[in-house]
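Commentary on secondary and tertiary structure
Here is how the chains run, residue by residue.
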Amino acid sequence: MSLAPAPLPFLLPRRAAGLVPVLPLVALPALLALPLTYDGAGPADVVSGLVVVYCVIRLLRERRRPLSPTAAVVLGLPVVGLALAAMGASSPEAGFTGLCRYLQVFVLVPAAVLILVRDRTDFRVLAWSFVGLALWQGAVGVHQYVTGTGASYQGEEVRAVGTFGAHDVMGMATAVSLGLVCAVGIALGRAAAWQRVTATGCAVTLLLPLALSFSRGAWIATALTCAVQLVLTGLRRTLKVALAVAAAGVVLTGGFGIGTAQLQERIDSIARVGDAPDQSVVDRYALWASAGGMWREQPLTGVGLKGFPEYRDGHATLALSSGSEIAGAGTEYRKQALLSPHNMYLLVLSEQGLIGLLALVGGWLALLVGGGRRLLRLRVRLRGYGRGGARGGARGDGPEPGREPGPVREPALDCGLVACGLLLWLLTDFVYGDIGGPSTMLIALSLGLAAWWALAGGERRDAVPRGTVPERVEGVAAR
């Protein structure tokens, strides 16, 4: 029998066939790259329903249990609060539509990701789809800023919104931020060298469109998340990257003058939210106060799903304006009603009460703790190998006596950094925003990736095998 490797044409179909289960998930970010309309559910929402059906068919054919008991409990926690809030909705239609939306975003799509992502290869493919979407939306956003065809900002149509339009000014910021978090996680991990180099270039490229989105919440969440990702990989690397980012910022804003006036004003406004807030911040404070009033009225179950717009004016202060002004990016000037508190925690608290908030946030915290512990354990193992192997031997020790050096699994450090980074970004951004618009599908996929890392990957898959030389064998699939 010949031991020569198979010709490339025979290997490609096999590798491509191995990615078939994750391709329906990759289709969701791809659909968000298309020009969007706001007439009902978008293409990504429709396809997400088909993905769930596809999962059910696969499970029936394979006759296997869909989720582990732990995963079922963590992902099923929000159903308790949702069911109670749906029964307390102002109308059956509002309760049903709200229930379907929350189940889609926080239960069904994350569960589909948990089932269809089988290993680190699938995980990386989905993470790269985030990066690809971010690059496309960022390119469109930079073009909008340069040509003055973006959304209106301070009387100028320069705000980068990508294909999401002026109706959803946070859409491009969300897509670019999540893509940047994925790129940073891959660059800091231990994937193939070409992936790390490419991810580094993508992360640097995405800084510009993120800045031109003028989204303060996305800036804060991204800066915090990337800082945590860097700290988890070592203090020395953190200092080097911080100096490089600072130098790049000086060159872009000082040397080339990219967005100097608008960016400086927007950055300064972050520090003025308490002393001299602008109207958008005033509206946000008023909406937060309104959500708090609803919760005090119905502390356990809230006012019901989709009930915030109906009860808003009864609890709002006179400082609340009639709506936000939108224009530009192909949209005529008009007022857009403020239908949510722009804070996910307060939205859940006002509509689902304390029961719903504890159930939803409890599941997120369980994912964060589980994923963080697993990532730290992996870091300890990798550090142990760097100091002489898993058993504390001298540097360069070979395999244990009597054991052959088998193929080394590639440590999934990048997967852990991406998964924990996405979840941390969401938990931070939810202080300044909530679900809504086509970009919500990215939130559902991010929660699914975080759930895969925390619940489904298994420590055995990511451990550096004992008794193997610490080097990666090319051509061995990390399964």
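Quick note: structure is the one above.
Working note: a packed helix pair is described by the angle between its axes plus the distance between those axes. One can describe the packing of helix H4 (residues 69-87) onto helix H5 (residues 92-116) by two numbers: an axis separation of 10 Å at closest approach and a directional angle of 175°. Our classification of the angle between H4 and H5 gives roughly antiparallel. Touching Ala 71, Leu 75, Val 79, Leu 82 and Ala 86 of H4 are Gly 95, Leu 99, Tyr 102, Leu 103, Phe 106, Val 107, Pro 110, Ala 111 and Leu 114, all from H5. The residue inventory of the contact of H4 with H5, partitioned by class, reads 13 nonpolar, one polar and no charged.

Okay, a positive patch on the surface next. On the surface, Arg 190, Arg 236, Arg 237 and Lys 240 cluster together into a patch of positive charge. Along the chain, Arg 236 falls in helix H10 (residues 235-255).

Glancing now at the pattern of salt bridges. Two side chains of opposite charge can pair, provided their charged atoms sit close to one another. For the coordinates displayed, the defined rule picks out five salt bridges. Two residues, Arg 101 and Asp 45, come together in a salt bridge whose shortest N-O distance is 3.1 Å. Residue Arg 101 is found in helix H5, and its partner Asp 45 is found in helix H3 (residues 43-62); the two are separated by 56 residues along the sequence. Accessibility expressed as a relative area gives 19% for Asp 45, which makes it buried.

Taken together, the side chains of Val 80, Leu 84, Met 87, Leu 300, Leu 354, Ile 355 and Leu 358 make up a nonpolar region of the molecular surface, amounting to roughly 650 Å² of accessible area. Of all the elements in the fold, those that place two or more residues in the nonpolar patch are H4 and helix H14 (344-386). Mapping Leu 84 onto the fold places it in helix H4.

Moving on to the side chain of Thr 233. The topology assignment puts Thr 233 in the loop between helix H9 (216-232) and H10. Residue classification places Thr 233 among the buried positions, given a relative accessible area of 12%. A polar atom in the side chain of Thr 233 sits 2.7 Å from the backbone oxygen of Leu 230. Those residues in contact with Thr 233, other than ones at most four positions away along the chain, are Leu 188, Arg 379 and Leu 417.

Conventions adopted
- Residues numbered from 1 in each chain as written.
- Predicted model: local features only at pLDDT ≥ 70, side-chain atom pairs only at ≥ 80, totals over all residues.
- Heavy atoms only, no water.
- Axes fitted to C-alpha atoms, helices over the stretch in contact; angles between N-to-C directions.
- Helix = DSSP H or I, 4+ residues; strand = E, 2+ residues; numbered from the N terminus.
- Parallel < 35°, antiparallel > 145°, perpendicular 65-115°, else oblique.
- Contact = heavy atoms within 4.5 Å.
- Nonpolar A, V, L, I, M, F, W, Y, C, P; charged D, E, K, R; others polar.
- Patch = residues over 30% accessible without salt bridge, like charges linked within 9 Å, V, L, I, M, F, W, Y side chains within 5 Å.
- Areas by Shrake-Rupley, 256 points an atom, 1.4 Å probe, with all protein chains shown as cover.
- Salt bridge = Lys/Arg side-chain N within 4 Å of Asp/Glu carboxyl O.
- Lys, Arg positive; Asp, Glu negative; His and termini not counted.
- Charge placed at Lys NZ, Arg CZ, Asp CG, Glu CD.
- Buried < 20%, exposed > 50% of the residue type's maximum accessible area, 1.4 Å probe, protein only.
- Polar contact = N/O pair within 3.5 Å; in protein donor to acceptor, adjacent residues only side chain to side chain.

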